[in-house]
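Next come the chains, spelled out residue by residue.
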Amino acid sequence: MTSLRARVDDAGTTGYLVVVASAALLAVASVVVTASPAGFVDPGIALAFCAFIALGEFVRITLPGGRDAAPLAAAGALGYVLLTTYPHDHATVHSALQVVAVVTVAMLVGVAPHAAVGRAPALDSMSRRLLSIGVAAALFRATGLDAKASEYPNPVLAFVMIGVVILTLVVDAVIAAAVRAGTDRAPFSAVLRNEIRAQIGIGSAIGATGALIALAATIMGSWALPVFVVPLLLTQFSFRRYAAIRESSLQTIRALSRVTELGGYTESGHSRRVSLLAVAVGRELGMSDADLRDLEYAALMHDIGQLSLAEPIPGGATVVAAPGDQRRIARLGADVIRQTGVLDNVASIVAQQAEPYRRAHDVGRRDVPLAARIIKAVNAYDDLVGDSFEAGRRLNALERLRLGMAYEYDPTVVDSLAQTVERTARLGV
């Protein structure tokens, strides 16, 4: 088992290194070729898009799921790829390698201020976007498709651009899924579904904006770029505010989860350990970003119902409590969460965390959500192990969970938990 997990870890690292190394080679080759006397054309257009992309890199944002993104820069890069003509019927002749070179320089300029203060973006994120732009440039410019499509009316050209954008987004999703599946130890198919969902949202908006920039520039020239900058910046500012509110909500929930610890009902750090381990298991089982967020919230607040107890459970270990008491604690905790009016899914997960797994398949009973099954197993494990790093306690806790797989605990969840525990133990976490 250890050798198998080691190979999986090596595969995740290899995928990351392959993406970063491929992007680095592409960037160096494109800059070297473009820097030759005959390699750089239309410098005014190139500088205008370089400035636009650099600005987009500077005002980058973090998307749900921890994805680092620069939508403004991505839209500008796609616009430069898809640009076919400039005002006065000036046909653009910049090569696919020049596109990659301009995007590379713009990325470096845009992230330089972040790197200077220690906030450099993730290399795999930048590498993935550079490779995706390279694929789009190869599809549209290196094949001569840009010259052929520009001979047709604008509607036909727009459809061709949309096709290139869709293929580019698919490639980006596949590369992102390959990296995340390795680093998160999650099934590739499940991670790919997550990435495609993300692309359907902001990815489609980026692609459409890139195509619009290219079409508008045929009439407006470089003025198309500042025209698009203002609404895009406002939209990005609104999204940043939304992300900040989400982060503030998470911090509030984390603070509330410590109430049971401060009151002596649970051990210090219990809710945080359960949350981290539950999210790791959920990610390995292929849960979506939205489901992982609900799982994290529910795991943080899964013990809040213990505040209703007249006498605390020794050590806060609900695993030793009677089944009826476990369900009552879960129900009371869910009632507290429902009072917020905005966390109904989380409340449902907390309410069902004490339900036995086998009953999920009894006739007439509603299935217990995967998130609730994860919290049940992870909570029992942490109740038995706590903050101990002793290998014996970990093995004994996992063995006790395995003994309950016929009735109490989901076997799939327990297996994933065991693999996650083994991996974190090997890494010294």
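Residues numbered from 1 in each chain as written. Predicted model: local features only at pLDDT ≥ 70, side-chain atom pairs only at ≥ 80, totals over all residues. Heavy atoms only, no water.

A. Region of the structure containing the overall build of the chain. Each helix and strand counted, the chain has 17 helices and four strands in total. Viewed in the frame of its principal axes, the chain has a C-alpha envelope of about 80 × 50 × 45 Å. Summarising the internal contacts of the chain: among those between residues at least 6 apart in sequence, 70% fall at separations of at least 24. Counting every atom, the chain has about 20,100 Å² of accessible surface; 65% of that belongs to carbon and sulfur. With 38 positive and 37 negative side-chain charges, the chain shows a separation of 1 Å between the mean positions of the two kinds. (Helix = DSSP H or I, 4+ residues; strand = E, 2+ residues; numbered from the N terminus. Contact = heavy atoms within 4.5 Å. Areas by Shrake-Rupley, 256 points an atom, 1.4 Å probe, with all protein chains shown as cover. Lys, Arg positive; Asp, Glu negative; His and termini not counted. Charge placed at Lys NZ, Arg CZ, Asp CG, Glu CD.)

B. Up close: helix 13 (residues 323–338). An ideal rise of 1.5 Å per residue puts 22 Å on 16 residues; helix 13 measures up with 23 Å between its terminal C-alpha atoms. Taken residue by residue, helix 13 has Gln326, Ile329, Ala330, Gly333, Ala334 and Ile337 as its buried positions. Viewed end-on, helix 13 has its buried residues packed into an arc of 135°, placing them on one side of the element. Buried positions along helix 13 lie against helix 14 (344–351) and helix 15 (370–385). (Expected span 1.5 Å × (residues − 1). Buried < 20%, exposed > 50% of the residue type's maximum accessible area, 1.4 Å probe, protein only. Arc of directions from axis to C-beta.)

C. View of the side chain of Ser257. Along the polypeptide, Ser257 turns up in helix 9 (residues 224–257). In this structure Ser257 comes out as buried when scored by relative accessible area, which is 5%. Among the polar contacts listed, one links the side chain of Ser257 to the backbone oxygen of Arg254, at a separation of 2.6 Å. Residues contacting Ser257, with those up to four places away along its chain left out, are Ser271 and Leu300. (Polar contact = N/O pair within 3.5 Å; in protein donor to acceptor, adjacent residues only side chain to side chain.)

D. Examining the confidence of the model for the chain more closely. Model confidence for the chain is summarised by a mean pLDDT of 83, while 92% of its residues fall at 70 or above. Of the regions scoring below 50 in pLDDT, residues 1–11 engages in 14 contacts with residues more than four places distant in sequence or in other chains. (pLDDT = per-residue confidence, 0-100.)

E. How the structure looks around the packing of helix 8 (residues 188–220) against helix 9. Running from amino to carboxyl end, helix 8 crosses helix 9 at an angle of 145°, the nearest separation of the two axes being 9 Å. Taken together, the residues of helix 9 that come into contact with helix 8 (itself represented by Thr209, Leu212, Ile213, Ala216, Ala217 and Met220) are Ala224, Leu225, Val227, Phe228 and Leu232. Its residues placed into classes, the contact of helix 8 with helix 9 shows 10 nonpolar, one polar and no charged. (Axes fitted to C-alpha atoms, helices over the stretch in contact; angles between N-to-C directions. Nonpolar A, V, L, I, M, F, W, Y, C, P; charged D, E, K, R; others polar.)

F. Representation of the environment of Arg394 within the structure. With respect to the secondary-structure elements, Arg394 resides in helix 16 (residues 391–403). Taking the relative accessible area as the measure of exposure, Arg394 reaches 11% and is therefore buried. Note: C-alpha distance between Arg394 and Gly56 (338 residues apart in sequence) is 47 Å.

G. Up close: the pattern of salt bridges. Enumeration according to the criterion identifies 11 salt bridges in this entry. Where Arg129 meets Glu57, a salt bridge forms, and the shortest distance between an N and an O atom there is 2.8 Å. Highlighted residues: Arg129 in helix 5 (residues 123–142) and Glu57 in helix 2 (residues 43–58), separated in sequence by 72 residues. For the residue pair Arg129 and Glu57, the accessibility class agrees, reading buried in each case. By sharing partners, the salt bridges in this structure join Glu57, Arg60 and Arg129 into a single network. (Salt bridge = Lys/Arg side-chain N within 4 Å of Asp/Glu carboxyl O.)

H. Geometry of the side chain of Gln306. The residue Gln306 is located in the loop between helix 12 (289–300) and helix 13 in this model. Residue classification places Gln306 among the buried positions, given a relative accessible area of 0%. Leaving out residues up to four positions away in the same chain, Gln306 has contacts with Tyr265, Thr266, Ile313, Gly316, Thr318 and Ile329.

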